[in-house]
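# Notes for the structure review
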Protein chains: 2
Amino acid sequence: MRTVYVNGEYLPETQASVSIFDRGFLMADGVYEVTTVLDGRLIDFDGHMARLERSLCELDMTKPAQFDDLLDIHRELVRANAITDGLIYLQVTRGAPGDRDFAFPDPATTEPTLVMFTQSKPGLPDSPTAAAGIKVISIDDLRWGRRDIKTVQLLYPSMGKMMALKAGAEDAWMVEDGHVTEGTSNNAYIVKDGRIITRDLGTDILHGITRAAVLRFAREAQMEVEERAFTIDEAKAADEAFITSASAFVTPVIDLDGAAIGDGRPGPVAQRLREVYLDEMRKAAI
Amino acid sequence: MRTVYVNGEYLPETQASVSIFDRGFLMADGVYEVTTVLDGRLIDFDGHMARLERSLCELDMTKPAQFDDLLDIHRELVRANAITDGLIYLQVTRGAPGDRDFAFPDPATTEPTLVMFTQSKPGLPDSPTAAAGIKVISIDDLRWGRRDIKTVQLLYPSMGKMMALKAGAEDAWMVEDGHVTEGTSNNAYIVKDGRIITRDLGTDILHGITRAAVLRFAREAQMEVEERAFTIDEAKAADEAFITSASAFVTPVIDLDGAAIGDGRPGPVAQRLREVYLDEMRKAAI
């Protein structure tokens, strides 16, 4: 039985609830972050908190009073649930004003909702999926226009994941105006002639915390990085491909729409970046 | 203190909650309907239930077991809360599988969540807003691509409502590729030379239950109806404009982006359609 956190209280997971009037439930008016735990310590915590602040700011949401304590709450959840490797999920919503209205509630009278829980993933960094590489399919990107804000409007990514599973793949890459935006819960990359290519930041994609770290490590290692949109055809003709996310780290993509990428095995760039990322992140973990 | 309905139980509103693992809360994986009550009776109940079934079907969601009883639950909520005029909100989500995962939970083990509550609106059909007409502004339509499914992904419509309020207007009309899609929670219409123009059905807009009824009554009254997309410029040059929704019925729009539409007062077509709609719906109410 997990211990989770809801609005100042640590509770058994089966007793953790929010009001039916919570705007996260009625209107998807909430944002989230997922922070990885390795060896009991938090990976890139500051990065996730900085993005959380940005998401809240973009939506004119106030920071919950508990924000000063977020690091303590993360650590207490790790301790209480004896997490060695795993994830900590955090969600903030505009709160439960007691009724439903499209207009935002007055922040003076409606406190934000803060929910956090852990997911234990023993052996997360040694995932067999990452060693084998994953298959992806391409689907249309039907999401809203502000994917840079990490909102809980995840119905379409969830549908995309199901389309992938039905097709015998692990994930879907979304395509808009002929170019790949990103995966359902990760950023997408190809490698061609030693050059790492990934979509440039904007409102079209999530500003991945793992993306930022991986590109920094790649540049420090003198790898060439090109931030621009690429097509599915380019991806099929690439030497290798991979995704990044807080929980997948760097994971090779070996198949796109049924066609092998490169020689159909995890490529050296993805493997090297995964190693560097995990090494550096373990060193900096808090 | 309202009595609300949550998964088979009638509860005081302050005790009504859902699990933090509910997919409505974590992933906006839910759909909803709002049915109007006039004189204690339900308006176009069958229309709302048919659309609910369609929304569930489009998302591969199972119908809650309580579906056979939905009319009874609606009526019990009207009775328990002594609603004369008002709304009944109904939300179905894919349920609370006990953890967070992009993949859909197995419907054999995870029951959908069904939440319903009332909103009392005394004098709803005699709203002064409808008599005066409303002002709207135009904003970009940034919503996802399946607006024909009535999901709880309402963050952008909610943001649009706030943009309207800040601009001194009551609502926003959303524009995509140069053409109006709809209002934040209503369908949009203009009238030019006696012809009623409103966007044709597709994935771009909600298939309004009130829209269907109003167009039927308009055609029965030998009015000309043209279902096609129109531009903001066309709307500014229109003789009149209006919106329809379950709670606004037919409400005139008198101002768009600060420019008066027609003579800046509610027009005769909107007023007549509102009267016909209310008359016919009262007759057919159950």
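For clarity, every value in this text was computed on a predicted model and none was experimentally measured. (Residues numbered from 1 in each chain as written. Chains lettered and ligands numbered in written order. Predicted model: local features only at pLDDT ≥ 70, side-chain atom pairs only at ≥ 80, totals over all residues. Heavy atoms only, no water.)

## Concerning the pairing of strand S11 (residues 187-192) of chain B
Residue and element names in this part refer to chain B.
- Buried residues dominate S11, accounting for 5 of its 6 residues.
- Across 5 bridges, the pairing between S11 and strand S14 (residues 240-245) is antiparallel. Within S14, the residue paired with Ile190 across the bridge is Ala241.
- With 4 bridges joining them, S11 and strand S12 (residues 195-198) adopt antiparallel strand pairing. In the sheet register, Ile190 faces S12, and the bridge partner there is Ile197.
- The antiparallel hairpin formed by S11 and S12 contains 2 residues in its connecting segment, where Asp193 sits at a positive phi of about 50°. (Buried < 20%, exposed > 50% of the residue type's maximum accessible area, 1.4 Å probe, protein only. Helix = DSSP H or I, 4+ residues; strand = E, 2+ residues; numbered from the N terminus. Pairing = 2+ DSSP bridges.)

## Things to note about the interface of chain B and chain A
- Contacts between the two partners involve 56 residues from chain B and, on the opposite side, 56 residues from chain A.
- A per-residue breakdown of the area chain B buries against chain A is headed by Phe25, Phe102 and Leu155 of chain B, which together make up 18% of the total.
- Linking chain B with chain A are 4 salt bridges, by the criterion used here.
- The salt bridge partner of Lys166 of chain B is Asp60 of chain A, with a shortest N-O separation of 3.7 Å.
- Counting the contacts that link chain B with chain A gives 24 residue pairs in polar contact (both at pLDDT 80 or more).
- Of the residues forming the side of chain B that touches chain A, the biggest block, 9 residues, is contributed by helix H5 (residues 155-166) of chain B.
- Of the pairings in the sheet, the one linking strand S3 (residues 17-19) of chain A to strand S3 (residues 17-19) of chain B comprises 3 bridges and is antiparallel in character. (Contact = heavy atoms within 4.5 Å. Buried area = accessible area lost by both parts, 1.4 Å probe. Salt bridge = Lys/Arg side-chain N within 4 Å of Asp/Glu carboxyl O. Polar contact = N/O pair within 3.5 Å; in protein donor to acceptor, adjacent residues only side chain to side chain.)

## Topic: the packing of helix H2 (residues 45-58) of chain B against helix H3 (residues 70-80) of chain B
Residues and elements named next belong to chain B.
- For the pair H2 and H3, interaxial distance at closest approach is 12 Å and the crossing angle is 125°. As far as their axial angle goes, H3 and H2 are oblique. Regarding H2 and H3, the two cross each other, and that crossing is right-handed. Side by side, H2 and H3 meet where Phe45, Met49 and Leu52 of the first sit next to Leu70, Leu71 and His74 of the second.
- Tallied by class, residues from the contact of H2 with H3 come to 5 nonpolar, 1 polar and no charged. (Axes fitted to C-alpha atoms, helices over the stretch in contact; angles between N-to-C directions. Parallel < 35°, antiparallel > 145°, perpendicular 65-115°, else oblique. Left-handed = near helix turned anticlockwise from the far one by under 90°. Nonpolar A, V, L, I, M, F, W, Y, C, P; charged D, E, K, R; others polar.)

## Focus on the relation of the copies chain B and chain A
- For the match of chain B to chain A, the screw axis carries a shift of 0.0 Å, the RMSD comes to 0.0 Å, and the turn is 180°. In symmetry terms, the pair is related by a two-fold rotation axis.
- A shared interface surface links the copies, since 100% of the contact residues of chain B are contact residues in chain A too. (Least-squares fit on C-alpha atoms with pLDDT ≥ 70 in both.)

## Concerning helix H3 (residues 70-80) of chain A
Residues and elements named next belong to chain A.
- Listed in full, the buried residues belonging to H3 are Leu70, Ile73, His74, Leu77 and Val78. Take H3 and look down its axis: the buried residues cluster within an arc of 140°, on one side only.
- Just past H3, the residue Ala82 takes up positive phi, approximately 50°. (Arc of directions from axis to C-beta.)

## Re the confidence of the model for chain A
- Of the residues in chain A, 100% have a pLDDT of 70 or more, and the chain-wide mean is 97.
- Here the prediction assigns the complex a pTM of 0.97, and the interface score ipTM is 0.97. (pLDDT = per-residue confidence, 0-100.)

## With respect to the pattern of salt bridges
Residue and element names in this part refer to chain A.
- Using the criterion set out here, one finds 51 salt bridges over all chains in the structure.
- When the shortest N-O distance is used, the salt bridge between Arg219 and Glu227 registers 2.8 Å.
- The exposure class of Arg219 is partly exposed, given its relative accessible area of 42%.
- Glu227 gets classed as partly exposed once you look at its relative accessible area, which sits at 32%.

## Quick notes on the sheet that holds strand S6 (residues 86-93) of chain A
Residues and elements named next belong to chain A.
- Spatial ordering of the open sheet is given by S2-S1-S7-S6-S4-S5, a layout of 6 strands whose pairing is antiparallel. The open sheet has two free edges, formed respectively by strand S2 (9-12) and strand S5 (41-42), since each of these has just one partner strand.
- Of the pairings in the sheet, the one linking strand S1 (residues 3-6) to S2 comprises 4 bridges and is antiparallel in character. Bridge pairing links Thr3 to Pro12 in S2.
- Most of the contacts of helix H2 (residues 45-58) go to strand S4 (residues 30-38), to which it runs at about 180°, and overall it touches S4, S5 and S6.

## Quick word on the sheet that holds strand S1 (residues 3-6) of chain B
All names here are of chain B.
- As summarised here, the arrangement of the 6 strands in space is S2-S1-S7-S6-S4-S5, forming an open sheet in which the pairing is antiparallel. Bordering the open sheet on either side are strand S2 (9-12) and strand S5 (41-42), each of which pairs with just one other strand.
- Two strands pair when backbone bridges link them, and strand S4 (residues 30-38) and S5 are joined in this way by 2 bridges, in the antiparallel orientation. Paired with Leu38 across the bridge in S5 is Arg41.
- Along the sheet, H2 contacts S4, S5 and strand S6 (86-93); its crossing angle with S4, the most-contacted strand, is approximately 180°.

## Digging into the domain arrangement of chain A
Residues and elements named next belong to chain A.
- Split into domains, chain A comes out as domain 1 (3-125) and domain 2 (128-284).
- The straight-line distance from the C-alpha centre of domain 1 to that of domain 2 is 26 Å.
- Facing the 24 residues of domain 1 at the interface are 21 residues of domain 2.
- Taking both partners together, domain 1 and domain 2 bury about 2100 Å²; carbon and sulfur atoms supply 59% of that area.
- Broken down residue by residue, the surface that domain 1 buries against domain 2 is led by Tyr32, Arg51 and Pro125, which jointly contribute 28%. (Domains from an automatic or database assignment.)

## Details of the pairing of strand S7 (residues 113-120) of chain A
Residues and elements named next belong to chain A.
- Among the 8 residues that make up S7, 7 are buried, leaving the element largely enclosed by the rest of the structure.
- In this structure, S1 lies alongside S7, joined through 2 bridges in antiparallel fashion. Bridging across to S7, Tyr5 finds its partner in Met116.
- Pairing analysis gives 8 bridges linking S6 to S7, with the strands arranged antiparallel. Bridging across to S7, Thr93 finds its partner in Thr113.

## Some remarks on the side chain of Glu182 of chain B
Residue and element names in this part refer to chain B.
- In this fold, Glu182 is placed in strand S10 (residues 179-183).
- In terms of polar contacts, Glu182 uses its side chain to reach the side chain of Arg143, at 3.0 Å.
- Not counting chain neighbours up to four residues away, the residues in contact with Glu182 comprise Arg143, Arg147, Ala172, Trp173, Met174, Asn187, Ala188, Asp204, Ile205 and Leu206.

## Some thoughts on the packing of aromatic side chains
- Evaluated as defined, the whole model comprises 18 aromatic pairs over all chains.
- Ring plane angle 25° and centroid distance 4.8 Å describe the contact between Tyr89 of chain B and Phe117 of chain B, whose orientation is recorded as stacked. Placement of the pair is Tyr89 of chain B in strand S6 and Phe117 of chain B in strand S7 (residues 113-120), with a sequence separation of 28 residues.
- On the accessibility criterion, Phe117 of chain B (0% relative accessible area) is buried.
- Note that Arg216 of chain A overlies the ring of Phe217 of chain A, its terminal NZ or CZ placed 5.2 Å from the centroid. (Phe/Tyr/Trp six-rings, centres within 6.5 Å; stacked < 30°, edge-to-face > 60°. Lys NZ or Arg CZ within 6 Å of the ring centre and 35° of its normal.)

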